[in-house]
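Structural characterization, general
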Amino acid sequence: MWSALFWQFIVVINVPLSPQSQTTAVFYLPYLIKMKFLYFLAFLFLAFCTNLFIFAQPPAGVSGAMPAIGKISGRVVDSNTKEGIEFASISVSNSSDNRIVTGGLTDAKGNFSIEQVPPGNYQLQVAFVGYKNNAVQNISLKPNAPFFDAGTILLQESATDLKTVEITGEKAVFQNKIDRKVFNVDKNIVSQGGTAADVLRQVPSVSMDADNKMNFRGSENVTILIDGKPTSLSTNGSNALEQIPSSSIEAIEIISNPSAKFDPDGTSGIINIVLKKNKQRGFNGSVTAGIGTGTTTPAGNLTANKYNTALNLNYRTKLFNLFGNYSYRRGNNWNFGDFRRTNIYTNPDTSNLFRQKLNSININDIHLAKIGADIYLNKQDFLSLSATYTFNKGTSDQDIKYRIFDQAAILENVFGRDTYTDSDGQNVDFSLNFRHAFKNPKRELTADALYSLSDKTDKSLFTNQAYDLNEQPNGNPNNQHSTTGNINYIVSGQIDYVHPLKNNGKIETGYKATIRKINNDFGASLMGDWSVPDDSTSSFIFDENIHSAYGSYTQTIKQLTFQVGLKAEQAFTTATYSAEINPYENDYFNLFPSAFLLQKLPKNQELKASYSRRINRPSVGSLNPILDLSNPYLQFQGNPKLNPEYINSFEASHNKVWEKSSLNTTLYYRYTNDVIFRLISVNNQENISSVTFVNLAKTQTYGVELVGKTDIAKWWNATATFNFFRTRVDGTNFSSRYANEDFGGSVRFLSNMNLPKAFNIQLSGSYSLPTVIAQGYIKPFTSVDIGLKKDFLKGKANISLGVTDIFNTMQFAIETADNNFEQQGKRKRETRVGNLAFTYRFGQGDKDTPRKKATKANSDFKQEEGGF
């Protein structure tokens, strides 16, 4: 099976391996499955080194050539605003015959660095749509003086109307940058009309279960940021993903091993959700409207259609940029669950079967609005202000049927519980960013401030009904109600400074303070009448103050760039529970070192290695000790005495770029202490499962990730991801049964075809292998999606049709066991959904992001220039 999957991966990416590499692959692949995993890693390392040696060899007949050790760098800026121009095209040509030798693109700040240039005399050409070309003459590189700094290159706006310029280049769906991977949402047809959770299902190496819990490289503990910041919305985890319409998202960034500048939170790294913010010159905008299909639930009910709309506007001059967007989405989805548990008794030696079936229909109305302004105060100072408001109103209608069977599978008891929940939630974020640029463009001072507030209330009405063995109502139902309130606010401030050094070095330092407060209130009554006061109330308050400072040093020596960093952090936390007299305080100080290494090799190759120490703090749900009684036979309760888990993360990767293909290979290893784990226990006498959270001893995960991209034809490109790992769980500090290990992984592909008449077809699919946990494992799951888009009105408008999970195979299943029970659970969401959307763009064009067709290969396959 594994061998077949690997061969399918090689076929899909269509990488032109050398004859030596093909021989190596054919020889070793049949033995992969038979080897222990350590031997498998040894094989990978050997094959890795073998191919590295092969690729590094010069072509036959080439010897004695001058080493390509030269580098040409500089910065391209707007002559009026002095703002860096991103994606400007840089070409280096011989002074004698004007033959182009090499080239590149500028980064987000307008900087460029073109390396591996042989000694000689050159001239530099700079071009960008909407600007007049500029050139730098008399560039001389010598063996004893191989570096040339072109300084600041000014581009003047062209009088040419952008409307007459045909722009054929565009962003790739998936980009592999030097410190992160970027998934461009606008280029993904399938996720249009959905939510952030639907978008993440399309991202390589990320998988989502039935409850929208995210898993990245075998870990659910991923830090979610919104526009690079932890907001009160993003700290809600899976709930936040359902509250962000996909039409509001620009891109998803995956940062698996962040530097010291980032917060150290997250076991497997950071997922950053970048919201849309137009930067186009003049007045511009776009409007989108869409509709999604309804389907029949497993219980035979029909869900209503889904609706979505979005509006994006901006007005930009040389002095300021005003921007705003609004998105609305109405979702109508169903959930189905089937849960079986065998209770094992030792005295007497017998067992019985407990079965629970769940059906629910959830309706959500989500509004998201964002407004802001970018102000260019002068040539050196820039100020950005923004406000984001999210409102979510939803209802959930859920019915659960419980059945108990004896050892001979004879029905003994039937009980039902219907739950109707009305939810109202809102979130407000205010953000401020200031940037000061010095005379040296690489020297920079930035300051950020954030205030975030969320307020959510859930009101639930429970109807309990007993049934006879013929499953007819037995007696009158009884009602209960509960009210849960959650208020969460975050205040943070951060200042960062970058100071360049001589000989291509720089120092970065900064300080950040974060204050967070979460207040949970719960009230319940045995009466269904809302006018009756609650019989019982409880509250949980969690306060967290974190102060951190960091420093890092980066240096480039010829083709080698390295960075070392250290972050010091002091955290003060207090958990107050109304049922206990004394609050629980947990203050801790930590050091988080990090190190990164980048070596550029001949023939468009790069080697990268990195290490970082990280922390995963307990979520509010895992800390909250208020007992969740919404399901009387499955009760959840947090543990306020949980400790954070600490992670040591190592990565080593090799990136190779061919003319039409690229392949990135990453080996990774994570060692985690004090692992936060959901512990399941069963009271056999009352048939009640209880879930709480504990710290297990440790886990180890090591694996390999392959990301391949290729142009199969001029009109067809494909990306394939293969992630394979082994996890060892050591929970013997609780029970000898909680030691488990197994393989896991995922395979994902994305095919993009640009057809005549401005048609575009996308096909994507994924398969997740079983994942091991301390008390069992999560079963594999798979899905296939398809999308079709048609552009018209000269690219100003498009209509798209997408269908997710076309074979309706996506479901979540888990098996767990302990001394006195064995249980299996299956959850199925409404995943096969069709979405039809129309988008129209208007305005004066975009000078900041277009790319010419000639630079498309660079944007699709090559790593971004620059350091860490």
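First, a word on scope: everything that follows refers to the structure included in this document.

Cut-offs and rules
- Residues numbered from 1 in each chain as written.
- Predicted model: local features only at pLDDT ≥ 70, side-chain atom pairs only at ≥ 80, totals over all residues.
- Heavy atoms only, no water.
- Helix = DSSP H or I, 4+ residues; strand = E, 2+ residues; numbered from the N terminus.
- Buried < 20%, exposed > 50% of the residue type's maximum accessible area, 1.4 Å probe, protein only.
- Contact = heavy atoms within 4.5 Å.
- Areas by Shrake-Rupley, 256 points an atom, 1.4 Å probe, with all protein chains shown as cover.
- Phe/Tyr/Trp six-rings, centres within 6.5 Å; stacked < 30°, edge-to-face > 60°.
- Lys NZ or Arg CZ within 6 Å of the ring centre and 35° of its normal.
- Pairing = 2+ DSSP bridges.
- Axes fitted to C-alpha atoms, helices over the stretch in contact; angles between N-to-C directions.
- Salt bridge = Lys/Arg side-chain N within 4 Å of Asp/Glu carboxyl O.

**Re the overall build of the protein**
The helix and strand tally for the protein stands at 7 helices and 41 strands. Going through the 868 residues of the protein one by one, you find that 51% of them count as buried. Intrachain contacts of the protein at a sequence separation of at least 6 include 67% that bridge at least 24 residues. Only carbon and sulfur atoms are counted for the fraction: they give 56% of the accessible area of the protein, which is about 38,700 Å².

**Brief notes about the packing of aromatic side chains**
In this structure the tally under the stated criterion is 18 aromatic pairs. An aromatic cluster of three or more residues is present, and its members are F354, Y402, F415 and Y633. A cation sits over an aromatic face here: R443 above F438, 3.8 Å from the ring centre. Over the face of the ring belonging to F743 we find R726, whose NZ or CZ atom lies 4.5 Å from the ring centre.

**Some words on the sheet that holds strand 6 (residues 134-141)**
Spatial ordering of the open sheet is given by 3-2-5-6, a layout of 4 strands whose pairing is antiparallel. Two strands lie at the open edges of the sheet, namely strand 3 (100-105) and strand 6, each paired on one side alone. Sheet twist, expressed as the average angle between the axes of neighbouring strands with direction ignored, equals 20 degrees. As judged from the 5 bridges shared by strand 2 (residues 89-94) and strand 3, these two strands associate in the antiparallel manner. By the bridge assignment for strand 3, S91 is matched with G103.

**Quick notes on the environment of A595**
Considering the arrangement of structural elements, one finds A595 in strand 26 (residues 584-601). Linking A595 and P258, residues 337 residues apart in sequence, is a C-alpha distance of 9.9 Å. Beyond its immediate stretch of four places on either side in the chain, A595 contacts Q563, V564, A609, S610 and Y611.

**Some details on the pattern of salt bridges**
The full count for this structure, using the stated rule, is 23 salt bridges. With a shortest N-O distance of 2.8 Å, R355 and D338 are connected by a salt bridge. Within this pair, whereas R355 is found in strand 18 (residues 349-376), its partner D338 is found in strand 17 (residues 320-346), the two being separated by 17 residues in sequence. One exposure class covers both R355 and D338, and it is buried. Across the salt bridge formed by E471 and R403, the nearest N and O atoms sit 2.7 Å from each other. Here E471 is found in the loop between strand 21 (444-467) and strand 22 (478-501), whereas its partner R403 is found in strand 19 (residues 381-405), with 68 residues between them in sequence. By relative accessible area, which is 17% here, R403 ends up buried. Beyond isolated ion pairs, a larger network of salt bridges with shared partners links K109, R435 and E444.

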